[in-house]
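If you want the building blocks of each chain, they are given just below.
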Amino acid sequence: MIEQTTIEHHIQKHIMGILMRQKYARFRDLRPENVETNLYSYHLKLLQKQGFVLKDGSGYTLGKKGALYVDRITTNTLDVRIQPKIITMLVVQNSEGELLLYRRVRQPYADQWTLPYGKVHVDDKTIEQAAKREAYEKIGLDSPQVRHVGDCYIRNSDGGEIVTSTLAHVFRFESDDIVLRDRLMWVKPHKLSLYNPAPGIERIVARTFFNDPFFFEEFEETW
């Protein structure tokens, strides 16, 4: 059976809309007006089978999958909304002062150079743990002594329309123990612009070099 990941049917949306506003509901409370009972029951059971809705002694309630789903939808239309991406990003330098760059292979920004980065996972216990995990996955270093130096919110727009939005937790450390791979290279910081950097990278690097205890910046880039 193909697992349902979005909810499009109006009866199912009606059920989810009620349960997102109250913890429990009775069978008759979830039924839309002027909808035949058998049809309504079919869609309710489908939501239960897929794990969006559970039934216990108190009535019908959202399952874990349903709770996660309603956290991503708009209140009025119940459509899934695009969420900003949350990442950890690594500013790594060697003893020569060179900066480590990482080449993207996926869109958007395929083949552009960026700082080593990766999405924060829901099972990362801390942001620092997420940064160390990415250091191992992207660079091959096990538990480097990272420092959380700042946060950046990067928005990329095209004609006023947002294309991407990213919250980057920026970490910094120094190392001469990195073995370069196909997608890694060292560059002089003042030559960063020659390597087609991804949006916001030059500004993030410049900001980390201020050596403030911690910083927060918001950048708007053009697609």
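Here's what I pulled together on the structure shown here. Since the structure is predicted, the reported quantities are computational estimates derived from the model, not experimental observations. (Residues numbered from 1 in each chain as written. Predicted model: local features only at pLDDT ≥ 70, side-chain atom pairs only at ≥ 80, totals over all residues. Heavy atoms only, no water.)

Right, let's get into the overall build of the protein chain. When its secondary structure is counted, the protein chain shows 6 helices and 10 strands. The principal-axis extent of the C-alpha atoms belonging to the protein chain is close to 75 × 40 × 35 Å. Across the 223 residues in the protein chain, those meeting the buried criterion constitute 45%. Considering only intrachain contacts with a sequence separation of at least 6, the fraction spanning at least 24 residues in the protein chain is 61%. Carbon and sulfur atoms make up 50% of the accessible area of the protein chain, which amounts to about 13100 Å² in all. Placing the 31 positive and 30 negative side-chain charges of the protein chain at their respective mean positions leaves the two points 7 Å apart. (Helix = DSSP H or I, 4+ residues; strand = E, 2+ residues; numbered from the N terminus. Buried < 20%, exposed > 50% of the residue type's maximum accessible area, 1.4 Å probe, protein only. Contact = heavy atoms within 4.5 Å. Areas by Shrake-Rupley, 256 points an atom, 1.4 Å probe, with all protein chains shown as cover. Lys, Arg positive; Asp, Glu negative; His and termini not counted. Charge placed at Lys NZ, Arg CZ, Asp CG, Glu CD.)

Here the focus is the pairing of strand β3 (residues 85–93). The element β3 is extensively covered by neighbouring structure, given that 7 of its 9 residues are classed as buried. Pairing of β3 with strand β8 (residues 161–174) involves 9 bridges; the strand directions are parallel. Residue pairing in the sheet places I87 in a bridge with A168 of β8. Inspection of the sheet shows β3 paired to strand β6 (residues 117–119) by 3 bridges, in the antiparallel sense. Counterpart to M89 in the pairing with β6 is Y117. (Pairing = 2+ DSSP bridges.)

In this structure, the largest pocket spans a volume of roughly 750 Å³. Considering the residues around the largest pocket, the lining is formed by 30 residues, among which K85, R104, P108, Y117 and T166 are closest to the centre. Those elements giving two or more residues to the lining of the largest pocket turn out to be β3, β6, α5 (127–139), β7 (147–158) and β8. By residue class, the composition of the lining of the largest pocket is 15 nonpolar, 8 polar and 7 charged. (1 Å grid on protein atoms, 1.4 Å probe; cavity = no way out; pocket = protein on both sides within 12 Å on 5 of 7 lines; lining within 4 Å. Points joined across faces, edges and corners; volume = space filled by probe spheres on them. Nonpolar A, V, L, I, M, F, W, Y, C, P; charged D, E, K, R; others polar.)

Here we come to the pairing of β8. Pairing of β7 with β8, which is carried by 11 bridges, proceeds in the antiparallel orientation. When the sheet's bridge partners are listed, G150 is paired in β8 with V170. Connecting β7 to the next strand, β8, in antiparallel fashion are 2 residues, including G159 with a positive phi near 60 degrees.

A few words now on the pattern of salt bridges. Tallied over the full model, the rule gives 15 salt bridges. Notably, a salt bridge pairs R26 with D29, separated by 2.9 Å at the nearest N-O pair. Judged by relative accessible area, which is 46%, R26 ranks as partly exposed. The exposure class assigned to D29 is partly exposed, which follows from its relative accessible area of 30%. (Salt bridge = Lys/Arg side-chain N within 4 Å of Asp/Glu carboxyl O.)

You will see that D111, though not glycine, has its phi angle at about 70 degrees, which is positive. Considering the arrangement of structural elements, one finds D111 in the loop between β4 (99–103) and β5 (113–114). Judged by relative accessible area, D111 falls into the partly exposed class, the value being 49%.

This paragraph deals with the packing of aromatic side chains. Describing an aromatic ring pair means giving the distance of the ring centres and the angle of the ring planes. Tallied over the entire structure, the rule returns 4 aromatic pairs. Each ring, one from F52 and one from Y69, has its centre 5.5 Å from the other, and the planes form 85 degrees; the classification is edge-to-face. Here F52 is found in the loop between α3 (37–49) and β1 (53–56), whereas its partner Y69 is found in helix α4 (residues 64–70), with 17 residues between them in sequence. In this structure, F52 and Y69 share a single accessibility class: buried. When the ring of Y102 is compared with that of Y117, the centres are 6.5 Å apart and the planes differ by 85 degrees; the resulting orientation is edge-to-face. Note that Y102 is positioned in strand β4 and Y117 in strand β6, a separation of 15 residues in sequence. Judged by its relative accessible area of 8%, Y102 is buried. Judged by relative accessible area, Y117 falls into the buried class, the value being 16%. Grouping aromatic residues by their ring pairs yields a cluster made of F27, Y40 and Y60. (Phe/Tyr/Trp six-rings, centres within 6.5 Å; stacked < 30°, edge-to-face > 60°.)

Let us now look at the side chain of R207. Note on placement: R207 falls in helix α6 (residues 201–208). Looking at R207, the relative accessible area reads 14%, which means it is buried. If we skip the residues at most four places from it in the chain, R207 touches D212, F215 and E217.

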